[in-house]
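Notes for the structure review
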Amino acid sequence: MNKLGMNMFVWTMSMDEDLSDTLSFLKTSGFEFVEIPINDTNVDKWTRIGQQLAELGLGVQACTLCGPEYSLISADESVRRAGIDYLKSIVDCASLAGATILMGPFYAGFKAFTGKPATADEWAWSVAGMREVAEHAQTKGVLLAMEYLNRFETYLLTCADELVRYVEAVDHPNCGAAFDTFHANMEEKNIGDALRKVAPYLMHVQISENDRSTPGHGHINFDDVFSALQEVEYTGPIAIEAFGPNPPALAAATHIFRPMFESPEQLAVDGLAFIKSELTKKQGSEVLAS
């Protein structure tokens, strides 16, 4: 049975705020876990947040990315080394917070471009670095779920084919795949086929609408998405990911400045109802077919 969660990005990009009321709201609304951004290595902070979530009975997964100063595909060996060490520390913090999955596009520097396709060296540097991070993650009980992005945010992994090739190149049991419907909607010919392709390595799914608003209120073919998830018998976590005009720093990073939903809380409630409806519909179809 899939566990259903909510990414915290519509409220925070750091988890530095007092989010007690929000977390309690998500728990009482029926979410089973939250997906928290971890972009610093404050051990005390993540230990405290882990304790808070445990007391609420909320599960936790984590997401992160790397800036250019920590890029695993930098031509500067010292930058790559810094990136590996940084990601190991992020893994430690994810473990302290209680997360068993750390997902994201941390195989390269976020929005760091050369104006050219990825080179063989860049690919090899990232694969070798990620394998070392995965070795460390294994000692902490954390799975690394690689998320491909759209062409405006990265150039190393931008589609299911590249993601599968990357995971197979890293070749480590703690390195697998994440799938975000927002990016797939931009980059794939068929989202369902893309899901089927990554299915053998799939660890985490983010349900995100084409405009990053409430799932089910845009034009993504979620019937295709949930049919594919049922077909491949995916039973892992599913999280809603959305963005809005707040917090301002994150809005600037995602280029979202106009409101597209009533409130983050309304988005969460409506999105959860939509996902549950889709899962129930597909399960009902399976029963009828049998």
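As shown above, the structure is provided for reference.
I will try to describe carefully the structure that is included in this document. Sequence positions are assigned chain by chain, starting from 1 and proceeding in written order. Residues qualify for local features only when their pLDDT is at least 70, as the model is predicted, and side-chain atom pairs are given and counted only at 80 or more; totals for whole chains, interfaces and linings, by contrast, use all residues. Just so you know, side-chain values use all the structure's heavy atoms and leave hydrogens and water out.

1. A short note on the overall build of the chain
Every helix listed is a DSSP run of H or I at least four residues long, and every strand listed is a run of E at least two residues long, numbered separately from the N terminus. Regarding its fold elements, the chain presents ten helices and eight strands. In terms of C-alpha radius of gyration, the chain reaches 18 Å, essentially the compact-globule figure of 19 Å for 290 residues. Taken along the three principal axes of its C-alpha coordinates, the chain extends 55 × 40 × 40 Å. Note on exposure labels: buried denotes an accessible area under 20% of the residue type's maximum, exposed denotes more than 50%, and partly exposed covers the range between, all computed with a 1.4 Å probe on protein chains only. Counting the 290 residues in the chain, one finds 53% classified as buried. Here the chain contributes 21 positive and 40 negative side-chain charges, whose respective centroids are spaced 3 Å apart. What the globule rule says is 2.2 Å times the number of residues to the power 0.38, and the radius of gyration is computed from C-alpha atoms. Charge assignment: positive for Lys and Arg, negative for Asp and Glu; neither His nor the chain ends contribute. To locate a charge, take NZ of a lysine, CZ of an arginine, CG of an aspartate or CD of a glutamate.

2. Looking at the packing of aromatic side chains
A ring pair, where both rings are aromatic, is described by two values, the distance of the centres and the angle of the planes. Paired rings are identified among Phe, Tyr and Trp, the last through its six-membered ring, by centres lying within 6.5 Å, and are further divided according to the angle between planes into stacked (under 30 degrees), edge-to-face (over 60) and tilted (the rest). Scanning the entire structure with this criterion turns up eight aromatic pairs. Note on Phe-9 and Phe-243: the rings are 5.4 Å apart at their centroids and 25° apart in plane angle, and the pair reads as stacked. Placement of the pair is Phe-9 in the loop between strand S1 (4-7) and helix H1 (20-29) and Phe-243 in the loop between strand S8 (238-240) and helix H9 (248-254), with a sequence separation of 234 residues. Side by side, Phe-9 and Phe-243 carry an identical accessibility label, which is buried. Measuring from ring centre to ring centre gives 6.3 Å for Phe-222 and Phe-226, while their planes differ by 45°; the resulting arrangement is tilted. Taken together, the positions of Phe-222 and Phe-226, both in helix H8 (residues 222-231) and four residues apart, correspond to about one turn of that helix. Judged by relative accessible area, which is 3%, Phe-222 ranks as buried. Three or more aromatic residues link up through ring pairs in this structure, and these residues are Tyr-107, Trp-123 and Tyr-166. Geometrically, a lysine NZ or arginine CZ counts as sitting over a ring once it is within 6 Å of the ring centre and also within 35 degrees of the ring normal. In this arrangement the basic side chain of Arg-165 is found over the ring face of Trp-123, its NZ or CZ atom lying 3.8 Å from the centre. Positioned above the aromatic ring of Phe-182 is the side chain of Arg-212, whose terminal nitrogen or guanidinium carbon lies 3.8 Å from the ring centre.

3. Re the sheet that holds strand S4 (residues 101-104)
Strand order in the closed barrel made by the eight strands is S1-S2-S3-S4-S5-S6-S7-S8, with parallel pairing throughout. Across the sheet, the mean angle separating the axes of adjacent strands is 30° when strand polarity is ignored. In the sheet, S1 pairs with S8 via three bridges, with the strands oriented parallel. Opposite Leu-4, over in S8, you have Ile-238 as the bridge partner. Here, two residues are considered to be in contact whenever any of their heavy atoms come within 4.5 Å of each other. To get an axis, a line is fitted to the C-alpha atoms, and for a helix only the part in contact is used. The angle between two axes follows their N-to-C directions and goes from 0 to 180 degrees. The sheet strands contacting helix H4 (residues 120-140) are strand S5 (143-147) and strand S6 (175-180), and the helix crosses S5 at an angle near 145°. Contacts from helix H7 (residues 191-198) reach S6 and strand S7 (202-207) within the one sheet, and its direction differs from that of S6 by about 165°. Note: two strands are recorded as paired if DSSP finds a minimum of 2 bridges between them.

4. Some words on the nonpolar core
We define a nonpolar core as any set of buried Ala, Val, Leu, Ile, Met, Phe, Trp, Tyr and Cys residues linked to one another through side-chain atoms lying within 4.5 Å. Counting residues in hydrophobic clusters, the biggest one holds 83 residues, and the most contacted among them are Ile-36, Tyr-107, Met-130, Leu-144, Tyr-166, Phe-226 and Ile-238. The element that contributes the greatest number of residues to this core is helix H3 (residues 77-97), accounting for eight residues. Excluding residues within four positions of it along the chain, Phe-226 makes contact with Ile-207, Ile-238, Phe-274, Ile-275, Glu-278, Leu-279 and Lys-282. Listed in part, the ten residues of the second largest apolar core include Ala-145, Phe-243, Leu-250 and Ile-256.

5. Some thoughts on unusual backbone geometry
A cis amide bond links Asn-246 to the next residue, Pro-247, at an omega of -5°. Among the secondary structure elements, Pro-247 is positioned in the loop between S8 and H9. The phi angle at Arg-212 is positive, at roughly 70°, despite the residue not being glycine. Residue position: Arg-212 is located in the loop between S7 and H8. The phi torsion at Glu-233 lies on the positive side, around 60°, for a residue other than glycine. Among the secondary structure elements, Glu-233 is positioned in the loop between H8 and S8. Classification of Glu-233 as exposed rests on a relative accessible area of 65%.

6. As for H7
Burial in H7 covers these residues: Ile-191, Gly-192, Ala-194, Leu-195 and Val-198. Along the axis of H7, the buried positions cluster into a sector of 160°, meaning they face one direction only. In this description, the arc belongs to the directions extending from the helix axis to the C-beta atoms.

7. Focus: the pattern of salt bridges
Every case where a carboxyl oxygen of Asp or Glu lies within 4 Å of a side-chain nitrogen of Lys or Arg is listed as a salt bridge. In total, this model carries 13 salt bridges according to the counting rule given. Note that Lys-45 and Asp-16 form a salt bridge whose closest N and O atoms lie 2.7 Å from each other. Of the two residues, Lys-45 is situated in helix H2 (residues 43-56) and Asp-16 in the loop between S1 and H1; the sequence distance between them amounts to 29 residues. For Lys-45, a relative accessible area of 5% translates into the label buried. Here Glu-132 and Lys-88 are joined by a salt bridge, their closest N and O atoms 2.8 Å apart. Of the two residues, Glu-132 is situated in helix H4 and Lys-88 in helix H3; the sequence distance between them amounts to 44 residues. For Glu-132, a relative accessible area of 27% translates into the label partly exposed. Salt bridges here are not isolated pairs; linked through shared partners, they connect Arg-81, Asp-85, Lys-88 and Glu-132.

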